[in-house]
Amino acid sequence: MSPADTTSVLDVVIVGAGIIGCMAARELVAAFPGAAVAVIDRDQVGSGASRRSAGLHFPRGSSARVRGMAALSERRYGELREEIPGLPIHDVPTTVVAAESNAGRLTEHYLPSAGLDRVRRVPAGPAGTVRLPAGSGAWSVRGGQYADVHGVAQLLAARLRPGVRFFEGARVVAIESCPDRVRLRLSTGEVLAARTAVLAPGPWIEDHAWRGWTAPLGLRVKKVVALHVEQRPRPDDGVIVFEDEDAFLLPLHHRGHWLFSYTCAQWDVSPEGTHSHLSTVEIAEGRAVLERFAPGLVRHCGTGRVFCDAYSAERAPVVRPVDEQGRVIFAGAANGSGYRLAPAIAAETVRAVGTVDAWTTARAAGAARTARTVEAVEKAEIAGSVDSAEAARTACAVEAVEAVEAVEAAQSVWIAGSVDSAEAARTARAVEAVEAVEAAGEARPAEPLRASRPTHPTTPAPDLPRSAQ
Ligand SMILES: Cc1cc2nc3c(=O)[nH]c(=O)nc-3n(C[C@H](O)[C@H](O)[C@H](O)COP(=O)(O)OP(=O)(O)OC[C@H]3O[C@@H](n4cnc5c(N)ncnc54)[C@H](O)[C@@H]3O)c2cc1C
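Residues numbered from 1 in each chain as written. Predicted model: local features only at pLDDT ≥ 70, side-chain atom pairs only at ≥ 80, totals over all residues.

Digging into the pairing of strand E2 (residues 37-41)
Okay, so step 1: Where burial is concerned, most of E2 is hidden: 4 out of the 5 residues are buried.
Okay, so step 2: Judged from the 4 bridges that link them, strand E1 (residues 9-15) and E2 form a sheet pairing that is parallel. Of the residues in E2, the one forming a bridge with Val13 is Ala38.
Okay, so step 3: This β-α-β element, E1 to helix H1 (residues 19-31) to E2, shows right-handed connectivity.
Okay, so step 4: The pairing of E2 with strand E9 (residues 165-168) spans 4 bridges and is parallel. Within E9, the residue paired with Ile40 across the bridge is Phe167. (Buried ≥ 20, exposed ≤ 12 C-beta atoms within 10 Å, placed from the backbone. Helix = DSSP H or I, 4+ residues; strand = E, 2+ residues; numbered from the N terminus. Pairing = 2+ DSSP bridges. Right-handed = clockwise from strand over helix to strand, strands pointing away.)

Following this line, the structure appears as structure tokens:
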């Protein structure tokens, strides 16, 4: 691509207008008023996994980080509902069914705000047919809601226009990351330039435009399936979550039927081609799980929705720079929870975008120092002073490793979701890290720094690139 292809440089381009891309656009504009933001989708807004989503939020997380994200998202959705009239998000009474032996785990995994409370029996499901299996208990929780995710994405986008430019029906076919910008070539022939690109591609993690960057993340794509139960819900029917099966029975009042979601174990599928319709395999699997709780409903389940989602090994979303320059940020791998965690993923994306320029500047300065030092050490070596060159190398290796450790410590606090302490840690550690890198740069950090270059930004600066201010 030549610079002549590009007319102006945007602050942020988001690839993918699913719920995560739209939410990230909204949070970026809120955090950096005046920023030039564009969203690109090969399809329409709210397509992909978001269009098929059951849209259930329930207040839980299997790790501290995901619980923190669930709490933040729940608050943020509450604010959005107040702000945007008609946002299709509905509160839903929620009952959790689990083996009595797993009661302790429920207390750990559900947010304190959920007010987990034992109930004597499961509320009547469709046609009163849901039963409590032997050895199981039931608990009510607060905070459950479900959404028409496609509709939420549409409304978010509608309110962002025209401040944010949406390119629909435009596939990103190539991305190039340069030291000062990212260039994106679209299927329409247009070329965009941006200071930062956010990849929010849902299950399209293997697109050739970015698979070199996403492959090291170790993500996989799994099929996600929900069967439709052709029974009309009554107005006060609620969702029943089968905790140990990772399944739920949800009344979709706006569509006039119930939905049964179960965990499908078909891995390494593709969002292209044949994975967007049900086969006899999924119907049989879903019915077998439902049979345990509501045998009377099995005959009402013969259709449904199926697609896929990206999963990480840690079963927690991934938000991090993926390119060498630190200008391309991946945001996704929502593990089948991309609706309920989207606001928290967007908040992490804002923080990552805010650090891009500071990080690349620090890296450029470090690289210049490194080059100067390598030259100095080489001169010492040529001059025959082998011992002092060795000593310099060893000292700088230790400092460089400490710098990287400091950065990683700050990152792990960040990942744990403790924003305030992460900020404090980053500030303290960044100073240390920068000092150590500087010290290392003065000696000879070429090898150790190159080998263990951290993948996250280290500096806390939450400012957007200058052009947005
Ligand atoms: C059947 C089903 C039920 C689910 N139920 C729930 C639930 O109850 N609760 C919950 O929280 N989550 C649920 N999920 C998961 C949730 O829907 C996803 O995690 C979420 O929608 C992911 O959002 P996203 O924005 O990352 O991806 P997507 O919605 O897939 O959006 C990605 C977008 O990127 C675009 N794109 C891809 N490649 C390119 C390219 N090269 N150029 C331009 N654009 C591109 C695609 O067109 C797409 O629109 C469910 C998923 C499924 C399939």
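Thoughts on unusual backbone geometry
Okay, so step 1: The step from Arg161 to Pro162 runs through a cis peptide bond, and the omega angle for that step is 0°.
Okay, so step 2: Take Pro162: it is sitting in the loop between helix H5 (149-160) and E9.
Okay, so step 3: Despite not being glycine, Asp268 shows a phi value in the positive range, around 60°.
Okay, so step 4: Note on placement: Asp268 falls in the loop between strand E16 (257-262) and helix H7 (280-293).
Okay, so step 5: By C-beta crowding, Asp268 is classed as exposed, having 10 other C-beta atoms within 10 Å.

Details of the site of the ligand
Okay, so step 1: Around the ligand lies a shell of 42 residues, among which Gly16, Gly18, Gly48, Gly202 and Gly338 are the nearest.
Okay, so step 2: Of all the secondary structure elements, the ones that give two or more residues to the shell around the ligand are H1, E2, helix H2 (48-52), strand E13 (220-229), strand E17 (301-311) and helix H8 (338-382).
Okay, so step 3: If you tally residues by element for the shell around the ligand, the top one is H2, at 4 residues.
Okay, so step 4: Residues that form the shell around the ligand fall into these classes: 20 nonpolar, 13 polar and 9 charged. (Near = placed C-beta within 6 Å. Nonpolar A, V, L, I, M, F, W, Y, C, P; charged D, E, K, R; others polar.)

As for the sheet that holds strand E3 (residues 56-57)
Okay, so step 1: Reading across the sheet, the 3 strands line up as E3-E8-E4 and stay open at both edges, with antiparallel pairing between neighbours. Of all the strands in the sheet, the pair left with one neighbour each is E3 and strand E4 (89-91).
Okay, so step 2: In this sheet, strand E8 (residues 145-147) lies alongside E3 in antiparallel orientation, the contact comprising 2 bridges. Across the sheet, Leu56 pairs through a bridge with Tyr146, a residue of E8.

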